Amino acid sequence: MQGGAKPPADPKLTPAGGGEGGEGSNNWAVGPLLSATGSALLASDPHVYYTVPADWYEAHLHGAGYDVAGSAYPGGPGILFGRNRQLAWGVTNNICLQRDLYIETVNPANPHEYRDGENWRAFEERPSTIGVKGAEPVEHVTRIAHGRPIIDHLIPAPAHPQFIWPKERANSAVSLAWVGLEPSDEPGCALQLNRATTVEEGRNAFVGWRLATWNMIFADDAGRIAYQCVGDIPLREREWIGYRDANDPVDRWQGAIPFSALPRLVEPERGWVGSANNPTAPPDFSHPLAGCWTPEDRFPRLSRLILEKAPHDLGTFAEMQADVVSERGQRAVSGIVAALGEPGDPIARTAADLLFQWDGELTTESAAGAIYNVFFWRWHSHVVQHRFSTMRFPIAVESGNGLSAALLHENLAGWFADDAERVAGIRKAFGETVAWLCERLGDDPAAWQWGNLHQLGATHPAAQTPLQHPLFDIPRQPHQGRASTLANAGFGLGSTFNTRTGASYRFIADLGSPDSMHSSSWPGQSGHPGSTHYADQVGPYLADD
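What counts, and at which threshold
Residues numbered from 1 in each chain as written. Predicted model: local features only at pLDDT ≥ 70, side-chain atom pairs only at ≥ 80, totals over all residues. Heavy atoms only, no water. Helix = DSSP H or I, 4+ residues; strand = E, 2+ residues; numbered from the N terminus. Rg over C-alpha atoms; globule rule 2.2 N^0.38 Å. Buried < 20%, exposed > 50% of the residue type's maximum accessible area, 1.4 Å probe, protein only. Contact = heavy atoms within 4.5 Å. Areas by Shrake-Rupley, 256 points an atom, 1.4 Å probe, with all protein chains shown as cover. Lys, Arg positive; Asp, Glu negative; His and termini not counted. Charge placed at Lys NZ, Arg CZ, Asp CG, Glu CD. Pairing = 2+ DSSP bridges. Core = buried A, V, L, I, M, F, W, Y, C linked by side-chain atoms within 4.5 Å.

Draft legend 1. Looking closely at the overall build of the protein. Of regular secondary structure, the protein possesses 14 helices and 24 strands. Taking 24 Å as the expected radius of gyration for a compact globule of 545 residues, we find that the protein reaches 25 Å, a close match to that expectation. In terms of overall dimensions, the protein has C-alpha extents of about 70 × 65 × 55 Å along its principal axes. Here the protein, with 545 residues, has 50% of them falling under the buried criterion. Nonlocal contacts in the protein, meaning residues at least 24 apart in sequence, comprise 65% of its contacts between residues at least 6 apart. In the form shown here, the protein has an accessible surface area of approximately 23600 Å², with 54% of it arising from carbon and sulfur atoms. Of the side chains in the protein, 41 bear a positive and 62 a negative charge, and the two mean positions are spaced by 5 Å.

Draft legend 2. Region of interest: the sheet that holds strand β16 (residues 244–245). The strand order β13-β7-β16 describes an open sheet built from three strands, whose pairing is mixed. A single partner strand is all that each edge strand has here, and the edge strands are β13 (172–178) and β16. The sheet contact formed by strand β7 (residues 99–105) and β16 spans two bridges and is parallel. The residue bridging Tyr102 from the neighbouring strand is Arg244, located in β16.

Draft legend 3. Up close: the nonpolar core. One finds Trp89, Phe206, Met216 and Phe218 to be the most contacted residues of the largest nonpolar core, which totals 46 residues. Of all the secondary structure elements, the ones that give two or more residues to this core are β2 (41–49), β4 (66–72), β6 (87–93), α2 (186–195), β14 (214–220), β15 (225–230) and β23 (505–510). Beyond its immediate chain neighbours, meaning those up to four positions away, Phe206 contacts Leu193, Met216, Phe218, Val230 and Phe259. Ranked by size, the runner-up nonpolar core spans 41 residues in total, among them Ala339, Trp377, Val423 and Leu437.

Next up, the structure:
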């Protein structure tokens, strides 16, 4: 199996469904073939929400058979990103579907029954009392059908079957099948990983791992490297991301894909392994993985830089983690150029010229970067509004960014009535972009810096008064990158471009030394606002130190 599928050569062939919300991660490792030090090297940076206190806590666990350092969730057992003296590892999300939603048919004559084959069966009911501080307890009854909980109260109305198919599904409910509802021992697997000394031992530590599906990268002191997909992926007779029929045998789970059959890549001849939330198995893989990957941005860039920057040391790995070139942005420019032509308005013409000359780097000083990101926000909103109602817009706007990117080049899937309508939409979005930037940053496009719009900071959840915010919060500062760059810095597609997700922890290691480990954790190690280590890594982190 591959540690990353080959990116498409034609940008217009990029899968159209990929999102760009920012959640995800990068990890990679090189063996001696691509190493300047003659040993294996590994890098990992998880992409989560930037919060204060931080999501991660760095630790060195020494004793009782452990000698391991790195980062973990506060209070969680074991080190998730890090190394011991012989082995290093890193994690990304494989985003394979570990749950399915089933449409249950409710008896129109008796709402307490559901269809089970040819018969009606009573819902199992599990009452529970939820204590609420300062208020009356909440009584909740969980209904069970086919052994699965009914979750109607958690589904937004526009996404419920009764809304989508009002006639066909007037009497329906939705049940949830989820791997996480079954017993598992992830803490035991994590502790076994922390004691592993070879690539094979590291992989085997995850035999019993069920939740979630991860891409694990390993490197050991013998120069070996490996990729292993971990987690239970249900065996399904058909690959389908959508509602399933509770009474159709084709839609029932048939256990899980065996660990021995999960995607893996051990000591490849090419000399490297890596992942960035991309497909890690070919389309003809023997089992349906039901993935929801983001293949069009970070992984192709990662693949190129691994070869271009070789031979590697910790310095080249740090440069890669700080890389802010948006290849999605680079691909977009030609489509925008073709649609705009020569704008008549002088400010718009200057803005277009800046965009046309852009190298794709999203530095804090980049004017073209600001223009591109504001344009894509306006364009994507236009694309979604063209086909979705106001009620469905909030759901649809958070996905389908890959479709909007492809529509910059051609009228994919007949989304617009004709190509003229598509071109008119691009011009309209660009006009909105120039007006929006003029209103906020002035009439000189050269002064529209990305860092004026895109900033990183955080509000402490305990800060409730004007006096507390200055003590607890992390002030916003200009931040480079976006979700499509290796230096991940994602934001919501709206009029606020402040960073909300990204690589809040970065880790690199050279396995040629038993204690080589460089890392940074934003904003700092301590969760106590009075500590000198509460926010002492903000400056070095923003400087990619």
